[in-house]
Each structure stands twice: as structure tokens, then as C-alpha cells.
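Reading the structure
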Amino acid sequence: MNLAQHFFWRAGFGPTAATLLSNGKWKAESHFDKYWKQSQQPLRPITVPQPSLDSLPAMIAGNNNSQAAAQKEQREKLQQQSREAIKQLNLRWLNEMVNTEAQLREKIALFWHGHFACRNLNSLYQQQLLHVVREGALGNFATLLANVSKSAAMLAFLNNQQNRKLQPNENFAREVMELFTLGRGHYTEQDVKEAARAFTGWGFNPNGEFVFRKNQHDVGSKTIFGMSGNFNGDDVLAMLLKQPQTARFITAKLYRFLVNEEVNEEHVSWLSKRFYDSGYEMKQLLGDIFTANWFYDIVNQGKIVKSPVVLWVGIRRMLPMQLENPDIQLLLQRALGQILLYPPSVAGWPGGTNWIDSSSLLLRMRLPQLVALAEPFELSTPTDDYVQMGKMQNTLGKKAINRFKLKGDIEWEPLIEALHKYKKSEMVQQLCEHLLQSPHQLSSIIEAQVAPGLPVNSFIKQTTLLAMATPAYQLC
């Protein structure tokens, strides 16, 4: 039972060759402390060039058809530039997950990215929200909730720009309760209606900065969760945080993400109480999880289906590679069902066994081999919003079958160097022990498929690719 592998996959995106075969007695506290300290290093913002508004034609009064056409063309150009910037933001974050020592921060940021799911085709607003999530991933949940709630991307996505006194829009208030804090069934429709009034006036300017428009705010008395007063949006967030149910909701969701998709209610009750009592400090919650004896129980090993991003990042960490065409990773995300910065809905990705179907499983199992052998493969993808990242085309509903090559140079040397200390007869077992959650059942099967007369380096490569092509590698 490899406790280190279990920790590396849950607290990050899996081991590298350098850490994979290291020896030494496992100490949960020391490894968590190391990961925590590495993730406290100054955050390096992920930025991409933003479209310039300077080139927009001046707005001229009157009905000048040629001027209107020019403005439309310019807007479409800016929209395309924004979509391209979002794609680059996606790829740069993906690379950060692969290469950073701050594994814990990026893994928990990925959790919050799904929890605070948001689609916005303004690349500046997306960049700002990503920074908020990464910066606050390991901090205080109350602070993170406030910063996300006041971000331009989220306010726009949940229509709070249209939430004005006498014309309240309930979308933002509802999702803050249902998806961000309490969970469904722990509030009333009246709570939503009154909270929507409290959030009136919350908006943002073109630079993505939060703006409170006082003249649009409803100053009348509201009754929320049985309390009455002239509440504003900050008051509502404070009310939500005072309820232990919020701590329990967040804890249970993080438990499914980090521990087991089947929740142990006793563990969650203990964790959530300590989380609540700490004032929603993530260090308390994460430390309690990763240093608990039950976290390393066999019942919690190999129970989580790796999301497409976790799977792909983990492959790249174990097999460092230079891709000939990095943009193809966007296509992979689309085919596997998880496009960073483009969740399917405000509820995020459903996760679990939803990641797997017959076609996606086949592609997932072939990924390492596709890179190593540069084999062409076909993908059937909808033609609506993969390329355009949300700009719907007239071909909506149709599918395009394209032929691709996931070509790249894999840096095998670290793995080969780490394995050279073992006899050839021991290498299969060692690789399976550190790549798979059920190594003993699979090592003999994999060994039987490897040509025994191969040179050592080729033997290591083939064994690694075979182990990564097993259904067991899809689990962590």
C-alpha cells in the first residue's frame, strides 16, 4: 500500500519520477507541512494579453449604415481576440498545474474553480476570477466567498448587473445559497426573494472592478432566515457563514473531491465542526483531512475517478513532454468533458463516474501511448462551441470527425534513472506499485505483455505505457 502515491494524487496532481520511487518512512504530518509551505510561496499571476478597446470606432450619433457595419466587424474581432485569450489562459493554468511546486494550492484552486463555476467570454474578467480563486484557495473561505461574489465574471454570469430595486433578479442570490454555501433545501423561496433585494446595486465597471450602485439598491427592510433589517449583500454573506450548514456543505463537497465519493457522515461532521470553529480557515480543514489516519485507509484508496484535467496533468508530471502543438490540449479537454474556464453550467462538473463513458475511457487509456508513439487518432466533436469557446455556430448539433496527432517528445530520463537501481525482474512490480492502486493483481498481467528481450530502457518505457493504459490508472 503506497501511502505516498495516495497523498500525491489527492493533495496534488500525482507524483513525478523523482518523488515516485523515493524511499523513507511515510509521515503524513511532514508531507502535509511540506506541501503547505510550498504552496505559501508568493503567487505568480497567470496573465494573457487582453484585447485593446482603443481600436473601437468612435460612436457617432445617427444611423450611418457603413459606420454600424464597421463597428460590428470591430466588435466581432474583439470577441475573437477575447476567446483566443481565454484559450491561452486555459493552457497556461494547465502548465502551472504540471510544473509548480505549489501542488496543493493548484489542486484546491481546481476544486474552487468547479465550486464557483462560471462561464464568461470576457477574457479580462476570466483572468481576474482565476486569480481570485488561486490566491484565495488555501486562505479563509469567508474572504474567498466575498471576493468571488464581487467579481465581474460571477456578477455578470449570474445576472446581478440586472438586479435593481423594484426589479430584483433572483439568480445571483439563489446560486449563492444553493451552490456556494448552504446547498439545496436549506433555505426558503422567501429567503431568496429577500436576499435578492439585499444584493441590488452590486455591479462592476468595464475594468472588472466591483461597484456598489447606491441609487439601484433597495433600502427597505428585508426578512432573511427569520431576521429583519435593512440588509445589504455583505450582510447576507455574513448570515450564510453563521450557519453551520455552510461549513458542512463545503466540507462534504471537498470530502468527495479529496477523500471518497461516498461520504462518511461521521468524518464530515467532525471535520465541518472544526472548520466552522476555526472561522472557515482552509488550513484547518485540509490539515485535518490529510493527517487523519482514516484518510489513508484502504477503503479510501482508488475510489476517485480522475477528472480529465487531473488525469492529463498527472501523465505530464510523470512523463514530462514537449508537445508539438500545445493547443491540441484544448481539443482533448473538449473530448474528455472538462474544459478549464468553461464549465457546463453554474453547478460545475458532476464528476465521479460521469467522467467515464465507452468512448472517453478508450481515449483516456490511450493518452500516454498516443504521445509516445505519435499515433494518429480520430475524435468526433460537436462543431458548436469547442473552437469558438461558446460562440454558437449554425452547425449546432452537427459533429465533425477530425484526425489528429498528439505528438510530443517525452523526457524519459528521470524515470529510467530512478528505476536503474532495480533489477529488471523487479521493475514491473516497482512501476505498478507506484503507478496503480491495485499493483499486485496487475503486475503479473502487465509483465506477461512486455517482451522480455527488450533493452532495459525500452523495457521501462513499454511497461510504463502498459501500466498507464489500464483501467486502474483512471483511479486515484
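All of the points below concern the structure found in this document. (Residues numbered from 1 in each chain as written. Predicted model: local features only at pLDDT ≥ 70, side-chain atom pairs only at ≥ 80, totals over all residues. Heavy atoms only, no water.)

1. Some thoughts on the overall build of the protein
- A count of helical and extended segments in the protein gives 21 helices and eight strands.
- Taking 476 residues into account, the globule formula puts the C-alpha radius of gyration at 23 Å, and the protein, at 25 Å, falls close to it.
- With the C-alpha coordinates aligned to their principal axes, the bounding extent of the protein is approximately 80 × 60 × 40 Å.
- Burial statistics for the protein: of 476 residues in total, 52% are counted as buried. (Helix = DSSP H or I, 4+ residues; strand = E, 2+ residues; numbered from the N terminus. Rg over C-alpha atoms; globule rule 2.2 N^0.38 Å. Buried < 20%, exposed > 50% of the residue type's maximum accessible area, 1.4 Å probe, protein only.)

2. Let's talk about the pattern of salt bridges
- Counting across every chain of the model gives 16 salt bridges.
- For Arg197, the salt bridge is made with Glu194, and the minimal N-O distance between the two is 3.2 Å. Taken together, the residues span about one helical turn, with Arg197 and Glu194 both in helix α10 (residues 189-198) at a distance of three residues. By the burial criterion, Arg197 is buried, and Glu194 matches it.
- Where Arg248 meets Glu265, a salt bridge forms, and the shortest distance between an N and an O atom there is 2.6 Å. With Arg248 in helix α12 (residues 244-258) and Glu265 in helix α13 (residues 265-277), this pair connects stretches of sequence that are 17 residues apart.
- Salt bridges linked by common partners bring Arg44, Glu96, Arg105, Glu106 and Arg134 together as one network. (Salt bridge = Lys/Arg side-chain N within 4 Å of Asp/Glu carboxyl O.)

3. Considering the packing of helix α19 (residues 424-435) against helix α21 (residues 456-468)
- One can describe the packing of α19 onto α21 by two numbers: an axis separation of 10 Å at closest approach and a directional angle of 30°. Put simply, α19 runs roughly parallel to α21. Where α19 crosses over α21, the two elements pack in a sense that is right-handed. Across from Lys424, Met427, Val428, Leu431 and Leu435 in α19, the residues of α21 making contact are Val456, Phe459, Ile460, Thr463, Thr464, Ala467 and Met468.
- The residue makeup of the contact of α19 with α21, split by class, is nine nonpolar, two polar and one charged. (Axes fitted to C-alpha atoms, helices over the stretch in contact; angles between N-to-C directions. Parallel < 35°, antiparallel > 145°, perpendicular 65-115°, else oblique. Left-handed = near helix turned anticlockwise from the far one by under 90°. Contact = heavy atoms within 4.5 Å. Nonpolar A, V, L, I, M, F, W, Y, C, P; charged D, E, K, R; others polar.)

4. Section: the nonpolar core
- Counting 135 residues, the largest nonpolar core has Ile108, Trp112, Leu286, Phe290, Trp312 and Leu406 as the members making the most contacts within it.
- Excluding residues that lie within four positions of it along the chain, Ile108 makes contacts with Ala137, Leu138, Leu254, Leu258, Met282 and Leu286. (Core = buried A, V, L, I, M, F, W, Y, C linked by side-chain atoms within 4.5 Å.)

5. A few points about empty space enclosed by the protein
- As enumerated under the stated definition, the model contains two cavities of 30 Å³ or more in all.
- In this structure, the largest cavity encloses a volume near 70 Å³.
- What lines the largest cavity is simply Trp112, His113, Phe116, Cys118, Gln126, Leu129, Leu130, Val133 and Leu341.
- It is helix α6 (residues 123-136) that provides the largest number of residues to the lining of the largest cavity, a total of four residues. (1 Å grid on protein atoms, 1.4 Å probe; cavity = no way out; pocket = protein on both sides within 12 Å on 5 of 7 lines; lining within 4 Å. Points joined across faces, edges and corners; volume = space filled by probe spheres on them.)

6. A short note on the packing of aromatic side chains
- In the structure shown here, the tally under the stated rule is 26 aromatic pairs.
- A ring pair is formed by Phe141 and Tyr280, whose centres lie 5.8 Å apart and whose planes are at 40°; its orientation type is tilted. Taken together, the positions of Phe141 in helix α7 (residues 141-149) and Tyr280 in the loop between α13 and α14 (282-290) put the pair 139 residues apart, joining distant regions of the chain.
- In this structure Phe141 comes out as buried when scored by relative accessible area, which is 0%. (Phe/Tyr/Trp six-rings, centres within 6.5 Å; stacked < 30°, edge-to-face > 60°.)

7. Quick word on helix α16 (residues 328-336)
- For α16, the tally of buried residues reaches seven of nine residues, placing the bulk of the element in the interior.
- After α16 finishes, the residue Gly337 shows a positive phi value of roughly 95°.

8. Here we look at unusual backbone geometry
- In this model, Leu166 sits at a positive phi of 70°, which is unusual for a non-glycine residue.
- As for its position among the elements, Leu166 is in the loop between α8 (152-157) and α9 (171-181).
- Here the phi dihedral of Leu341 falls at roughly 70°; this positive angle occurs in a residue that is not glycine.
- A relative accessible area of 2% means that Leu341 is categorised as buried.

9. What about the packing of α9 against α12?
- Where α9 meets α12, the axes come as close as 9 Å, and the angle between the chain directions of the two elements is 55°. Our classification of the angle between α9 and α12 gives oblique. Facing Glu178, Leu179, Phe180 and Thr181 of α9, the residues of α12 in contact are Gln245, Thr246, Phe249, Ile250 and Lys253.

10. So, the side chain of Glu175
- Tracing the backbone through its elements, the reader meets Glu175 in helix α9.
- Not counting chain neighbours up to four residues away, the residues in contact with Glu175 comprise Leu158, Phe180 and Val346.

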